[in-house]
Amino acid sequence: MSNWFAVLFAASIAACSGAGENGGDEGAGGASGPTGGGTGAGTPTGGGTGAGTPTGGTGTVDPTGGGTGAGTPTGGGTGAGTPTGSTGAGTGSCPTAVDISTTGNPLDGGTLFVDPEYIAKVQSSIDMTTDAALVAKMKKVQEIPTAFWLDNIAAVSRLAGHLDKAIELQNQLCKPVIPVIVVYDLPNRDCFAEASNGELRLENGGAARYKTEFIDKIAEIFAARPNLRIVTVIEPDSLPNLATNMGQKDCSEETAAGYKEGVAYALKKLSMSHVHHYIDAAHSGWLGWPDNQEKGAAIFKEVLDLAGNPSNVRGFATNVANYTQLKYADGAESYDQQFNPCFGEYDYVNQFGQALSAVGLGDKHFIIDTSRNGRGNIRADWGYWCNNIGAGMGERPRANPGGATRLDAFYWVKPPGDSDGTADKSAARYDLFCGYEDADQRAPEAGYWFHDYFVECVKNANPPL
């Protein structure tokens, strides 16, 4: 076990190991036709606060550097503030401050941060498993980076501690450590879904709360850590719903205006040189049809213009929490393409990039979520998104993987093992997609740790663990 992973693993013991609020699914829209019909079921993550103690504090790791500033000394820093390099001038054990600058891909040239909370969740499954070979595979998963989800206002209280742990590691490795943060709490969230509806409503002052209690707080925490390269994924499912699902369920004109205003505000407020944004752009089974690509590109252009076109918007994230494969080999997927020209995420990234170029956004890059897309032929319809039986972990996170134009990275945005939604029809947040025949009927509420499903994702991993 490497030293940096040992530090993270030690920190994870105090982490939340039960039901978290940091993961879920993204629905496949557009599968019912080339102009809409997408389910738009976003990452449902409101299913509880989780067992165990959150790891938001800075004192969960033993002192390693003898820092003299305020707070737990973990980096040897001597500047004001927490001596982990977050707000002071300390450099830990490094001879000089770590250079976090990048002129290109923000996920390249550093170490992708492994979330201690996810390590603890996986450990809870390890503790329930007796098969030594399976345990060995699960331990490998504990070394794979996953995103940290800010899916409600309360989750922001854990953000500073998460970032400070990344700084601790950076001050040990003396090279950039890169955490990925999902920003996900728009008012009227996931307007075409039930399992993932959020805590804020426009009619109840949600827009103001989103700005002051959520985005502004995140901005303060980011700004206090200018020597950490931070990558974000902005609002899964929001803007794609406006391309395909208007007039259905909660996707009203008021919701659309709120989404655009909220995302633009987030981009403006989080416009910092050390923060790099990828806006959620659905997946090939949602916006893959040319008409949907054009609508989506126009919406993204509108919102970026509204935000003032901040230079730190690197591009777009696709397949967030979904199962769509990178490419469809012979017979890899059996459902009807319905004239969709995108046969997987590689095709989608290439073709949607052209649609973006047509509206003046040809400089944008992509990341693809590969957390659960390792196996094909696991669903009868492209639109099925909830805890699909037979899913397997896909390609491991890495920068510059190739395969598509302007592809920055594969990344596990969705933490495998977090439930997409419950199959209990009596539950308030039940979504009919979680009751379909391809959905695992044992599933707990969205966001809760789903041990049995995690086990299957490990067993079905492709490439194998």
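Residues numbered from 1 in each chain as written. Predicted model: local features only at pLDDT ≥ 70, side-chain atom pairs only at ≥ 80, totals over all residues. Heavy atoms only, no water.

1. Focus on the nonpolar core
Defined as follows: Here the nonpolar core consists of buried residues drawn from Ala, Val, Leu, Ile, Met, Phe, Trp, Tyr and Cys, with membership extended through side-chain atoms lying within 4.5 Å. Categorising residues by exposure relies on relative accessible area from a 1.4 Å probe, with only protein chains included: less than 20% of the type maximum marks a residue as buried, more than 50% marks it as exposed, and the intermediate range marks it as partly exposed. The contact criterion used throughout is that any non-hydrogen atoms of two residues lie within 4.5 Å.
By size, the foremost hydrophobic cluster in this structure holds 69 residues, and its most contacted members are Ile 218 and Phe 222. Apart from the residues lying within four places of it in its own chain, the contact partners of Phe 222 are Leu 159, Leu 163, Ile 181, Ile 230, Thr 232, Leu 270, Met 272, His 274 and Val 275. If you look at the next biggest cluster of nonpolar residues, it comprises 23 residues, including Leu 134, Tyr 323, Ile 378 and Phe 450.

2. Let's talk about the sheet that holds strand β8 (residues 365–369)
In plain terms, the rule: Between any two strands, pairing holds if DSSP finds at least two bridges. Runs of E in the DSSP output that reach at least two residues are strands. Runs of H or I that reach at least four are helices, and both are numbered from the N terminus. Here an axis means a line fitted to C-alpha atoms, over the contact stretch when the element is a helix, while the angle between two N-to-C directions is reported on a 0 to 180 degree scale.
Judged by pairing direction, the sheet is mixed, and its eight strands sit side by side in the order β2-β4-β5-β6-β7-β8-β10-β9 without closing on themselves. The open sheet terminates on both sides in strands that have one partner only, identified here as β2 (148–150) and β9 (398–399). Running over the sheet, helix α5 (residues 206–223) touches β2, β4 (180–183), β5 (230–234) and β6 (275–280) and is turned about 165° from β4.

3. Describing the pairing of β4
Across the two faces of β4 the burial is the same, with Val 180 and Val 182 and Ile 181 and Val 183 all buried. Here β2 pairs with β4 via three bridges, running parallel. Counterpart to Phe 148 in the pairing with β4 is Ile 181. The pairing of β4 with β5 spans four bridges and is classified as parallel. Bridge pairing in β5 links Val 182 to Val 233.

4. Some remarks on the pairing of β8
Summarising burial for β8: five of the five residues are buried, a large majority. Residues His 365, Ile 367 and Asp 369 line one face of β8 and the alternating positions Phe 366 and Ile 368 line the opposite face, and both faces are buried. Relative to strand β10 (residues 407–411), β8 runs parallel, the two being bridged by four bridges. Within β10, the position partnered with Ile 368 by the bridge is Phe 410.

5. Topic: the packing of aromatic side chains
The line we're drawing: Two aromatic rings from Phe, Tyr or Trp, using only the six-membered ring of Trp, form a pair when their centres are within 6.5 Å; if the ring planes differ by under 30 degrees the pair is stacked, by over 60 it is edge-to-face, and anything between is tilted. Remark: a charge is flagged as sitting over a ring if the NZ atom of Lys or the CZ atom of Arg is within 6 Å of the ring centre and within 35 degrees of the ring normal.
All told, the structure shown has 17 aromatic pairs when counted by the stated rule. An aromatic cluster is defined as three or more aromatic residues linked by ring pairs; in this entry it consists of Phe 300, Phe 316, Tyr 348, Phe 352 and Phe 366. Above the ring of Tyr 184, the side-chain terminus of Arg 189 is found at 4.0 Å from the ring centroid. Over the face of the ring belonging to Phe 192 we find Lys 249, whose NZ or CZ atom lies 4.7 Å from the ring centre.

6. Brief notes about the state of the cysteines
As used in these notes, a disulfide is a covalent bond between sulfur atoms, one from each of two cysteines. What counts is decided by this rule: The definition used for a disulfide is geometric: two cysteine sulfur atoms within 2.5 Å.
Evaluation of the coordinates by the stated rule reveals three disulfides. Covalently, Cys 94 is tied to Cys 174 through a disulfide, its sulfur atoms 2.2 Å apart. Its S-S torsion of approximately -105° makes the covalent link between Cys 94 and Cys 174 left-handed. Taken together, the positions of Cys 94 in the loop between α1 (3–12) and β1 (111–112) and Cys 174 in the loop between α4 (159–173) and β3 (177–178) put the pair 80 residues apart, joining distant regions of the chain. Shown here is the disulfide that connects Cys 386 with Cys 434, its sulfur atoms set 2.1 Å apart. In this structure, the disulfide formed by Cys 386 and Cys 434 twists by about 90° around the S-S bond and is classed as right-handed. Placement of the pair is Cys 386 in the loop between β8 and β9 and Cys 434 in the loop between β10 and α11 (451–459), with a sequence separation of 48 residues. Judged on exposure class, the residue Cys 386 and its partner Cys 434 are both buried. Counting its disulfide-bonded cysteines in sequence order, the chain shows a connectivity of 1-2, 3-4, 5-6.

7. Focus on the side chain of Asn 460
Spelled out, the test is: Counting of polar contacts relies on pairs of N or O atoms within 3.5 Å, with two restrictions inside protein: one atom must be capable of donating a hydrogen and the other of accepting it, and residues adjacent in sequence are counted only when both atoms are side-chain atoms.
By the element assignment, Asn 460 lies in the segment after α11. In this structure the side chain of Asn 460 is engaged in a polar contact, spanning 3.4 Å, whose partner is the backbone oxygen of Gly 390. Within the structure, Asn 460 has its side chain in polar contact with the backbone oxygen of Ala 391 (distance 3.3 Å). Once residues lying within four places of it in the same chain are set aside, the contact partners of Asn 460 are Arg 375, Gly 390, Ala 391, Gly 392 and Met 393.

It is worth stressing that arrangement in space is one thing and function is another; only the former is reported here.
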